[in-house]
Amino acid sequence: MRIALLVLLGLFLLAPLAAGPYLLSLLTVLLTFAYLGQAWNIMMGFAGQLSLGHALYVGLGAYVSAALSLFWGIPPILGVFPAMAAAALVGSAIGWLSFRFAVKGVHFTLLTIAFAEIARLTFQHLTVLGGTVHLRGDPRMFYYVILAMSAALFLACRALLSSPLGYRWQALREDPAAAESLGVPLLKVKLAAIALSAGLTAAGGVFTAFFYNALFPDQWFGLSYSIEIILAPVIGGLGTLFGPILGAMLLSPLGEAISALTESVGWQNAGLKPFLYGIVLLLIVKFLPDGVWPAIRRRLP
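Residues numbered from 1 in each chain as written. Predicted model: local features only at pLDDT ≥ 70, side-chain atom pairs only at ≥ 80, totals over all residues. Heavy atoms only, no water.

> Got a sec to walk through the side chain of Thr28? Specific residues and values, please.
Turning to its location among the elements, Thr28 is positioned in helix α2 (residues 21–46). There is a polar contact of 2.8 Å between the side chain of Thr28 and the backbone oxygen of Leu24. (Helix = DSSP H or I, 4+ residues; strand = E, 2+ residues; numbered from the N terminus. Polar contact = N/O pair within 3.5 Å; in protein donor to acceptor, adjacent residues only side chain to side chain.)

> I'd like to hear about the pattern of salt bridges, residue by residue, with values.
The tally for this structure, following the rule as stated, stands at 4 salt bridges. We note a salt bridge from Arg120 to Asp218, for which the minimum N-O separation is 2.7 Å. In this pair, Arg120 sits in helix α5 (residues 105–124) while Asp218 sits in helix α10 (residues 217–220), placing the two residues 98 residues apart along the sequence. Residue Arg120 is classed as buried on the basis of its relative accessible area, which comes to 16%. In this structure Asp218 comes out as partly exposed when scored by relative accessible area, which is 44%. Between Arg298 and Asp290 there is a salt bridge; the shortest N-O distance is 3.6 Å. Of the residues examined, Arg298 reaches a relative accessible area of 55% and is grouped as exposed. Asp290 sits in the partly exposed class, given a relative accessible area of 46%. When salt bridges that share partners are traced, they join Glu117, Arg120 and Asp218 into one network. (Salt bridge = Lys/Arg side-chain N within 4 Å of Asp/Glu carboxyl O. Buried < 20%, exposed > 50% of the residue type's maximum accessible area, 1.4 Å probe, protein only.)

> For the packing of α2 against helix α6 (residues 139–161), give the residues involved together with the corresponding values.
As a packed pair, α2 and α6 sit with axes 9 Å apart at the nearest point and diverge in direction by 25°. Overall, the two elements α2 and α6 adopt an arrangement that is roughly parallel. Of the two possible hands of crossing, α2 and α6 adopt the one that is left-handed. Residue-level contacts link Leu24, Leu27, Thr28, Leu31, Thr32, Tyr35, Gln38, Ala39, Ile42 and Phe46 of α2 to Pro139, Arg140, Tyr143, Ile146, Leu147, Met149, Ser150, Leu153, Phe154, Cys157 and Leu161 of α6. Residues that form the contact of α2 with α6 fall into these classes: 16 nonpolar, 4 polar and 1 charged. (Axes fitted to C-alpha atoms, helices over the stretch in contact; angles between N-to-C directions. Parallel < 35°, antiparallel > 145°, perpendicular 65-115°, else oblique. Left-handed = near helix turned anticlockwise from the far one by under 90°. Contact = heavy atoms within 4.5 Å. Nonpolar A, V, L, I, M, F, W, Y, C, P; charged D, E, K, R; others polar.)

> Now, about unusual backbone geometry: what can you tell me, with residues and values included?
The residue Ala102 is not glycine, and still its phi comes out positive at about 55°. By the secondary structure assignment, Ala102 is in the loop between α4 (76–100) and α5.

> Give me the packing of aromatic side chains: which residues, what numbers.
Taken as a whole and assessed by the stated rule, the structure comprises 14 aromatic pairs. With 5.7 Å between their ring centres and 75° between their planes, Phe142 and Phe211 make a pair best called edge-to-face. Note that Phe142 is positioned in helix α6 and Phe211 in helix α9 (residues 186–212), a separation of 69 residues in sequence. Residue class for Phe211 comes out buried when judged on its relative accessible area of 17%. On the basis of an interplanar angle of 70° and a centroid distance of 5.0 Å, the ring pair of Phe242 and Trp293 is categorised as edge-to-face. Separated by 51 residues along the polypeptide, Phe242 in the loop between α11 (223–236) and α12 (243–264) and Trp293 in helix α14 (residues 292–299) bring together distant segments of the chain. Owing to a relative accessible area of 11%, Phe242 belongs among the buried residues under this scheme. Three or more aromatic residues link up through ring pairs in this structure, and these residues are Phe33, Phe142, Phe207, Phe211, Tyr212, Trp220 and Tyr225. (Phe/Tyr/Trp six-rings, centres within 6.5 Å; stacked < 30°, edge-to-face > 60°.)

> Would you mind going over α11 in detail, with residue names and values included?
Taking 1.5 Å of rise per residue, 14 residues should cover 20 Å, and α11 covers 21 Å from first to last C-alpha, within 8% of that figure. Along α11, the sharpest change in direction is near 30° and occurs at Ile230; proline Pro233 comes one to four residues later. Restricting attention to buried positions, one finds in α11 the residues Tyr225, Ser226, Ile229, Ile230, Leu231, Ala232, Pro233, Ile235 and Gly236. Where α11 ends, the next residue or the one after it, Gly237, has phi of about 140°, a positive value. (Expected span 1.5 Å × (residues − 1). Bend = angle between axes of the 7 residues up to and from the residue.)

All we've got here are geometric facts, nothing functional implied.
Following this line, the structure appears as structure tokens:
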């Protein structure tokens, strides 16, 4: 397994040498969703806290870093830290409110959607950044940045899973009542998962804003983007380290293939892509309920 991961990393490192602009862009998007999926996986896959509003933290990261860059000249490599802090603070507030008012399960999920929607409407009418803000960057540099971020997050999650905090998250995920009876401080453990996941997602939002060279409130805060974030870990394998990466490797080419197919026959594909994504998700849930990677792992010697 370790050798296979090193080979995969080597291929990603060498890819820009042979990839044209289109393929390099596709690989960058793939790695972006692998990173964002891994960040979401901390909250849901490790700690069992379902969020369908994670686009909130992508948008916060994008807007905070863009504002710092445009108004104070702070580069994104420094702006990422206040962006992560802001997202972690907002995530912690949402987590505390849910604990304070005993909002659990599907109601907590709805709470995350509500906060993301509030943020979308707020930033949609915020004209101080001019609505759409144009930024600059080099494609190859962006590729290696998101590759480094994805690799670093993979290693960090591997360390977290075998740490005391990681074991507490897994206990919380499996049985909160039993975990509490064993002395696990549920509020602190939940807040740690939410804050860390939110902060890391915001770092992905910083990258996303500068990579796409613009800010779009409807996209970065929208529910559809939250769904895109969670698809990679759900299809690849929730709670696994390689699942979000494998899921992104499956979904990104699929999305491009759908777009190319519909354009070649002259169809309008506004609703076709999510429809086909939904079919794929249903098939995975039906035949591979644990995800693709766990099914593959069971068959490896």
